[in-house]
Structure formats: structure tokens, C-alpha cells
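# Geometric and topological summary
Next come the chains, spelled out residue by residue.
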Amino acid sequence: MAGPRVFPLSCVVQQYAWGKKGSNSEVARLLASSDPLAQISEDKPYAELWMGAHPRGDAKIFDNHVSQKTLGQWIAENQDCLGSKVKVAFKGKLPFLFKVLSVETALSIQAHPNKELAEKLHFQAPQHYPDANHKPEMAIALTSFQGLCGFRPVEEILTFLKKVPEFQLLIGDDAATQLRQSVRSDPQMVTSALRSCFSHLMKSEKKAVAEQLNVLVKRISQQVSAGNNMDDICGELLLRLHQQYPGDIGCFAIYFLNLLILKPGEAMFLEASVPHAYLEGDCVECMACSDNTVRAGLTPKFIDVPTLCDMLNYTPTPSKDRLFPPSHSQEDPYLSIYDPPVPDFTVMKMEVPSSVTEYKVSVLDSASILLVVKGTVTASSPTAQAAIPLQRGGVLFVGANESVTLKHTASQDLVLFRACCLL
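Residues numbered from 1 in each chain as written. Predicted model: local features only at pLDDT ≥ 70, side-chain atom pairs only at ≥ 80, totals over all residues. Heavy atoms only, no water.

With that out of the way, let us pick up the sheet that holds strand E20 (residues 376–380). Sheets are built from strands paired through backbone hydrogen bonds, the pairs being either parallel or antiparallel. Spatially, the four strands line up as an open sheet ordered E18-E23-E20-E21, and their pairing is antiparallel. Unpaired on one side and paired on the other, strand E18 (358–361) and strand E21 (388–391) mark the two borders of the sheet. Ignoring which end each strand starts from, the neighbouring axes of this sheet average 30 degrees apart. (Pairing = 2+ DSSP bridges. Helix = DSSP H or I, 4+ residues; strand = E, 2+ residues; numbered from the N terminus. Axes fitted to C-alpha atoms, helices over the stretch in contact; angles between N-to-C directions.)

Looking now at the sheet that holds strand E17 (residues 346–352). An order of E6-E1-E22-E19-E24-E17-E16-E15 is seen for the eight strands of this open sheet, with the pairing classed as antiparallel. The two strands at the open ends of the sheet, each matched to only one other strand, are strand E6 (60–61) and strand E15 (327–328). When E15 meets strand E16 (residues 335–338), the two strands line up antiparallel, connected through two bridges. Considered in E16, the bridge of His328 is made with Ser336.

This part takes up helix H7 (residues 173–182). The complete set of buried residues in H7 reads Ala175, Ala176, Leu179 and Ser182. Taken end-on, H7 shows its buried residues confined to a sector of 125 degrees, consistent with a single buried face. Turned more than 90 degrees off the buried face of H7, the exposed positions are Asp173 and Asp174. (Buried < 20%, exposed > 50% of the residue type's maximum accessible area, 1.4 Å probe, protein only. Arc of directions from axis to C-beta.)

On to the nonpolar core. Core analysis: the biggest nonpolar cluster contains 59 residues, and Phe167, Tyr255 and Phe256 have the highest contact counts within it. Looking at this core element by element, the count peaks at seven residues for helix H8 (residues 187–202). Residue contacts for Phe256: discarding those within four places in its chain leaves Gly150, Phe151, Arg152, Ile157, Phe167, Ile171, Leu194, Cys197, Phe198 and Leu201. Ranked by size, the runner-up nonpolar core spans 45 residues in total, among them Val66, Ile75, Phe96 and Phe397. (Core = buried A, V, L, I, M, F, W, Y, C linked by side-chain atoms within 4.5 Å. Contact = heavy atoms within 4.5 Å.)

Overall, the coordinates contain 17 aromatic pairs when judged by the stated rule. For the ring pair Tyr129 and Phe302, a centre distance of 6.5 Å and an interplane angle of 75 degrees mean the geometry is edge-to-face. With Tyr129 in the loop between helix H4 (115–124) and strand E9 (137–141) and Phe302 in the loop between strand E14 (294–297) and helix H11 (305–311), the pair connects residues that are 173 residues apart, well separated along the chain. Looking at Tyr129, the relative accessible area reads 2%, which means it is buried. The exposure class assigned to Phe302 is partly exposed, which follows from its relative accessible area of 37%. Pairing Phe167 with Phe256 gives two aromatic rings, centres 5.3 Å apart and planes at 75 degrees, and the pair type is edge-to-face. Here Phe167, found in helix H6 (residues 165–171), pairs with Phe256, found in the loop between helix H10 (235–244) and strand E11 (257–262); they are 89 residues apart in sequence, far enough to count as distant. Across the pair, exposure class does not vary: Phe167 and Phe256 are buried alike. When the ring centre of Tyr16 is taken as origin, the NZ or CZ atom of Lys301, which lies over that ring, is 6.0 Å away. (Phe/Tyr/Trp six-rings, centres within 6.5 Å; stacked < 30°, edge-to-face > 60°. Lys NZ or Arg CZ within 6 Å of the ring centre and 35° of its normal.)

When two helices pack together, their arrangement is given by the angle between the helix axes and by the axis-to-axis distance. Two elements in contact, helix H9 (residues 206–225) and H10, have axes whose closest approach is 10 Å; the angle formed by their N-to-C orientations is 130 degrees. Relative to H10, the element H9 lies oblique. Handedness of the crossing formed by H9 with H10: left-handed. Across the interface between the two elements, Leu213, Asn214, Leu216, Val217, Ile220 and Ser221 from H9 touch Gly235, Leu238, Leu239 and His242 from H10. Among the residues forming the contact of H9 with H10, the class breakdown is six nonpolar, four polar and no charged. (Parallel < 35°, antiparallel > 145°, perpendicular 65-115°, else oblique. Left-handed = near helix turned anticlockwise from the far one by under 90°. Nonpolar A, V, L, I, M, F, W, Y, C, P; charged D, E, K, R; others polar.)

In the numbering adopted here, UniProt assigns the feature "binding site: Zn(2+)" (unreviewed entry) to Gln110, His112, Glu137 and His276. Maximum C-alpha separation among the annotated residues is 12.1 Å over a sequence range of 167 residues, consistent with a single clustered spot. Excluding residues that lie within four positions of it along the chain, His112 makes contacts with Lys135, Glu137, Ala272, Ser273, His276, Asn292, Thr293 and Met311. Within the local environment of His112, its side chain forms a polar contact with the side chain of Glu137, the two groups lying 3.1 Å apart. Here Glu137 is to be found in strand E9. Setting aside chain neighbours within four positions, we find Glu137 in contact with Gln110, His112, Met268, Phe269, Leu270, His276, Tyr278, Glu285, Cys286, Met287 and Phe345. (UniProt positions renumbered as here; feature names shortened; annotations may be inferred. Polar contact = N/O pair within 3.5 Å; in protein donor to acceptor, adjacent residues only side chain to side chain.)

In C-alpha cells, the structure reads:
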């Protein structure tokens, strides 16, 4: 194919209200590093950086040698750049959206439908579920990143039922007793009891929820003021969520869902039907191209409690099992691979020491997008008109089967993330 197939991108910043403001945001910091002329406003939220061809945030090609079009427009005219298998499997479209997120305010108790349910929801309520695709996601921490993911072991939930009477009251004695008795039963009884408890909570009357939250918040606040540690009932987190979303049922979800605090480089994979929420921190995220999210709390957006309660995977798992560790390449000592069990995307992390002056990016039969989070390099390719300078915050599109060589231009280690599709 004629013309460059490796070029820099100018990506889309989304200023959602839940994002970190100004230079507190990793999104803003990356933007400022990559573009010295960028004006960062300290009173505006910089929530997400979108790197891809999504219709609501299509990146622009930042290379006049290539095109002044968006990435989506260019791919539509150059579908071979996707790779032979990707082009066929995803009907000529980039199957993933790559992002950086900077979260200040909790981001909804939610789950995503599988393809079958997505098709059904889209048919029934296209105004709320705008497409028929699934939306698996992966979050990889850039800073300390706090989130909820999957149901806790039942023993932990039972402990909270004892220690938090306000939680027990909303669930009700019958459902709580069923959960206690299920511990001695088979896994199917456990998931059934967990479904009953969670549904009772999420379908509670708003007035009752607000009353019990106020009682709990007052109790925790008094204990904290007296110098007592309330970590055993996630006191600090409960107070923070209640401050962000007063009276919201989602505040109680912390007693059902695993609390994960990811260190930089640690990841969680959010497959279909797994309840989750992002609470605070900065991460790289990759997801299938979809806008289908079923929400039930900690959000001003449309809430669909019946659908969420019906669709969830109620299998309890320890928090350590919700971590998604990368594999390490046998051929490349600097490469880690986060390869989830879905076809839509894979994320690679490259950590190249400054002592390695030249690094060859692995050739893939897939279009990919590279993000520089640390370091300064030039990228060269047989199809590029000239070497492309890249620094922290720089984003590069690489067409399928393209060879790219990175050369250090500063004595600093290099850290990159790369989204691709490995079929």
C-alpha cells in the first residue's frame, strides 16, 4: 500500500466531571508533556484521553504527509492496515479503544453485557444501550489506583453484616440468613443467596437507604473524631463515597465487592457481567468499541437496577484473584503482555532502559497504538517520510506488519504501552 502507515496522532481529551482537575490529572500531565503549547486549566477536569477511532472521540492524524483526516476516516480507506485477520473479524474497523483515565470521583457501580445481552438491550432500549457489542475492559494502573471488582468471599460479606447493622437492615433478615446458611452448601446455593442479598440491597427504597446511610455516616464520623480506626468497615471509603454521592445506594456496594488497590503496572480485567467501579487514581484502559454500560449507583446517569441484578456473575472470589498479571515475552526481555480472554484487544507494556540505545518494536499482523508514558525517542519506519519525534504523552499509530525502531534521544528509561489485537 502506498503512503506512510506509521504516524503520530492528536488524541481527544474528555472533560467529564468525575475527572481529576488540572495538573493533578495524569491526562493533563501527558498532554502538557507532549504539547508545550497546551493550555492546562487548573479548574477543569481532565478525565480521559481517547486514543482510537471511536465515533465520539476519533483521533486526528498529526502528520500532513499522510492526511488531515481522522484515524477512523483513514482506516475506512486503508483497511489493510488493520491486518488480514482483524480486517475480516471486525469488518474493517479498529476493534478497540485505548485510553488514559484520571479518576477523582467514583465512577458508577456497573457491569457490561455479553454480546447476546447487548443485542437484546440495544433492540429494547437503544437510547440507553446504543450498540449491539460487548464491552470487556482492562485497567492497568499508572499511579496507585483504587477500584471495586467482583463479589467478595462470602465470609467477608457476613463479617460486614455483623459489624454494619445498617447494611444488615437493608438486606433483611431472611436474605442474610440464607447467605449464612449457604456457606455450608454447594456453590450454586452460594451464588443464589448472594444474588438474593445483593438484589434486596439494590432494590431498597431510596428513603430507607438515605436514612441508614445517615446513621452509618454519623456513627463512623463520631468514631473517627474520637480517634478510632474504622478500617474494618471501610470507614474512610464509605465517608468519601457518601460525600461524593449523598444517600446513594452504591455506597453500600463496598460491602459486597472486592476493594482493589493496584500498584503501577498491576491490572484488573473486567469481563462481561462482573460488577465493578473505578474509585480513584490514574490508569491506562483498553476496551472493546462499545458504549454499553449497565449502571446501578454512584452515578448521575441512567440507572437500570433490574437488568444489573439479573445479569451479574455472583461467583465470589478473593481480591487477589481479581488481579490480572501480565506474561513476560520469551523473545523480548523488555516486553510484558496483558492478554485477556477476548479477541478484541491485547495490551503490551515495554520498559526499555536508557542503556539500550535502539529498540525494535515487535512486528504484528494488527494495527496498534503506542503511548509513551516515560522517555524521549525518535520512531523510524520504512514507510514514514522522516523520523518521528516522540516524548512523554506522544501517541503513535502503527499499521499491521510495519517495522518500527525507537532510538533514545535522552538518557532516560523508556516506558510505553501498546494496544493491539492478537487473533
